[in-house]
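What follows is the residue order along each chain.
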Amino acid sequence: MANPAKILIVDDEPRIRELIRTHLEHAGYACEEAGDGAAALAALEAYAPDLVLLDLMMPFMDGMTCLSELRRRKIETPVIILTARGEEYDRVAGLEGGADDYVVKPFSPRELTARVKAVLGRTLPKEREDGERFVFGALVIDVASHSVKVAGKEAALTPKEFDLLVFLAANRGVALSRERILDKVWNYDYYGEDRTVDTHIKMLRGHLGSCRDYIVTVWGVGYKFDPDAGANAQ
């Protein structure tokens, strides 16, 4: 890799940082480290990483505070949260705070590397074309401007929520398994205990307001985008 992607590893445990760095550098990435949130903010300006791996539980400045400050400064660098907290509340809080993904400790280096690769390699879904625009009743998805409006009002989606919505809309009426959604939107294989898709669907529905029922749960399969079913439910 001539110009390897740069990753900032933020964790207060040197042993964890060393483990992550060893595996990521073996995978071809360039890495820098920070021991707390305050040091991470300084490193962001000096190092300009392509991705941040951010632990939540740290002294001086914890991960959530660091993430909030990063987004407050309009820094859109992708962030993967590293956390020992596996509860849904903590996962949702991190994602709503602007994180792109999360990995629950203890994690396998293989899984972490796969998620790093997925976030760094994230592109628009193949079904999407520049200039494409979806209109479903009160819901307007403008791919070119990367915006979503519900009944004329802007919906504040994270980049990953936007990618998920576009993928669903581009496959209108198709029942999509979690595995396929992970493969196409996150670009990594499905891990049995992973609830990333369910968490993002829940958050996305919350942003869609009156159009939330456009995303239909297909029991035993996954989800599908069906504006007609949503309209009938209203």
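First, a word on scope: everything that follows refers to the structure included in this document. Computed from a prediction, not measured in an experiment: that's the story for all the values here.

### Notes on the sheet that holds strand S11 (residues 215-218)
One open sheet accounts for 3 strands, arranged S10-S12-S11; its pairing is antiparallel. Both outer strands of the open sheet, strand S10 (176-177) and S11, are each paired with one neighbouring strand and no more. Where S11 meets strand S12 (residues 222-225), 4 bridges bridge the pair, whose relative direction is antiparallel. Bridge pairing links Ile215 to Phe225 in S12.

### Topic: the pairing of strand S8 (residues 147-150)
Judged from the 4 bridges that link them, strand S7 (residues 139-142) and S8 form a sheet pairing that is antiparallel. Looking at the pairing, Ile141 lines up with Val148 of S8. Relative to strand S9 (residues 153-154), S8 runs antiparallel, the two sharing 2 bridges. Among the inter-strand pairings, Val150 is bridged to a residue of S9, identified as Lys153.

### Quick word on the packing of aromatic side chains
According to the stated counting rule, one finds 3 aromatic pairs in the structure shown. For the ring pair Tyr214 and Phe225, a centre distance of 6.0 Å and an interplane angle of 90° mean the geometry is edge-to-face. In this pair, Tyr214 sits in the loop between helix H8 (196-208) and S11 while Phe225 sits in strand S12, placing the two residues 11 residues apart along the sequence. Here Phe225 falls in the buried class, since its relative accessible area comes to 0%. A network of ring pairs unites the aromatic residues Phe134, Phe136, Tyr214 and Phe225 as a single cluster.

### Examining the pairing of S7
Alignment of strand S6 (residues 133-136) against S7, held across 4 bridges, turns out to be antiparallel. Paired with Phe136 across the bridge in S7 is Leu139. Linkage of S6 to S7, two consecutive antiparallel strands, is achieved through a turn of 2 residues, within which Gly137 is found at a positive phi near 60°. Taking the residues that link successive antiparallel strands as the turn, the S7-S8 hairpin has 4 residues, and the phi of His146 there is positive, at about 55°.

### A closer look at the sheet that holds S6
Ordered in space as S6-S7-S8-S9, the 4 strands form an open sheet in which the pairing is antiparallel. Of all strands in the sheet, those with a lone pairing partner are S6 and S9, marking the two edges.

### Quick word on the nonpolar core
Inside soluble globular proteins, nonpolar side chains tend to come together where they are buried. The biggest cluster of nonpolar side chains holds 30 residues, and the ones touching the most others in it are Leu139, Ile141, Val148, Leu168, Ile181, Leu208 and Phe225. Mapped by element, the contributors of at least two residues to this core are S6, S7, S8, helix H6 (159-170), helix H7 (178-186), H8 and S12. The element contributing the most residues to this core is H6, with 7 residues. Leave out the neighbours within four places in its chain, and Leu139 touches Phe134, Val148, Lys149, Val150, Leu208, Cys211, Tyr214 and Phe225.

### Overview of the pattern of salt bridges
Scanning all chains against the criterion turns up 15 salt bridges. For Glu111, the salt bridge identified is with Arg115, shortest N-O distance 2.8 Å. With Glu111 and Arg115 both in helix H5 (residues 109-120), this residue pair falls 4 residues apart, about one helical turn. For the pair Glu111 and Arg115, a shared accessibility class is recorded, and that class is buried. The salt bridge involving Asp198 is made with Arg178; its shortest N-O contact spans 2.8 Å. Within this pair, whereas Asp198 is found in helix H8, its partner Arg178 is found in helix H7, the two being separated by 20 residues in sequence. For the pair formed by Asp198 and Arg178, the shared burial category is buried. Here the residues in one salt-bridge network are Arg17, Arg21, Glu25 and Glu33, joined through shared partners.

### Section: the packing of H6 against H7
Direction vectors running N to C along H6 and H7 enclose 120°, while the axes themselves pass 10 Å from each other. Taken as axis vectors, H6 and H7 run oblique relative to one another. The handedness of the crossing between H6 and H7 comes out as right-handed. For the pair H6 and H7, the contacting residues are Lys160, Asp163, Leu164, Phe167 and Leu168 in the first and Arg180, Ile181, Lys184, Val185 and Trp186 in the second. Grouping the amino acids of the contact of H6 with H7 by side-chain chemistry returns 6 nonpolar, no polar and 4 charged.

### Things to note about the packing of H6 against H8
As a packed pair, H6 and H8 sit with axes 10 Å apart at the nearest point and diverge in direction by 85°. Judged by the angle between their axes, H6 and H8 are roughly perpendicular. Contact with H6, carried on its side by Lys160, Glu161, Leu164, Leu165 and Leu168, involves His200, Ile201, Met203, Leu204, His207 and Leu208 of H8 and no other residues of that element. Residue classes in the contact of H6 with H8 are distributed as 7 nonpolar, 2 polar and 2 charged.

Reading the values: the criteria
- Residues numbered from 1 in each chain as written.
- Predicted model: local features only at pLDDT ≥ 70, side-chain atom pairs only at ≥ 80, totals over all residues.
- Heavy atoms only, no water.
- Pairing = 2+ DSSP bridges.
- Helix = DSSP H or I, 4+ residues; strand = E, 2+ residues; numbered from the N terminus.
- Phe/Tyr/Trp six-rings, centres within 6.5 Å; stacked < 30°, edge-to-face > 60°.
- Buried < 20%, exposed > 50% of the residue type's maximum accessible area, 1.4 Å probe, protein only.
- Core = buried A, V, L, I, M, F, W, Y, C linked by side-chain atoms within 4.5 Å.
- Contact = heavy atoms within 4.5 Å.
- Salt bridge = Lys/Arg side-chain N within 4 Å of Asp/Glu carboxyl O.
- Axes fitted to C-alpha atoms, helices over the stretch in contact; angles between N-to-C directions.
- Parallel < 35°, antiparallel > 145°, perpendicular 65-115°, else oblique.
- Left-handed = near helix turned anticlockwise from the far one by under 90°.
- Nonpolar A, V, L, I, M, F, W, Y, C, P; charged D, E, K, R; others polar.

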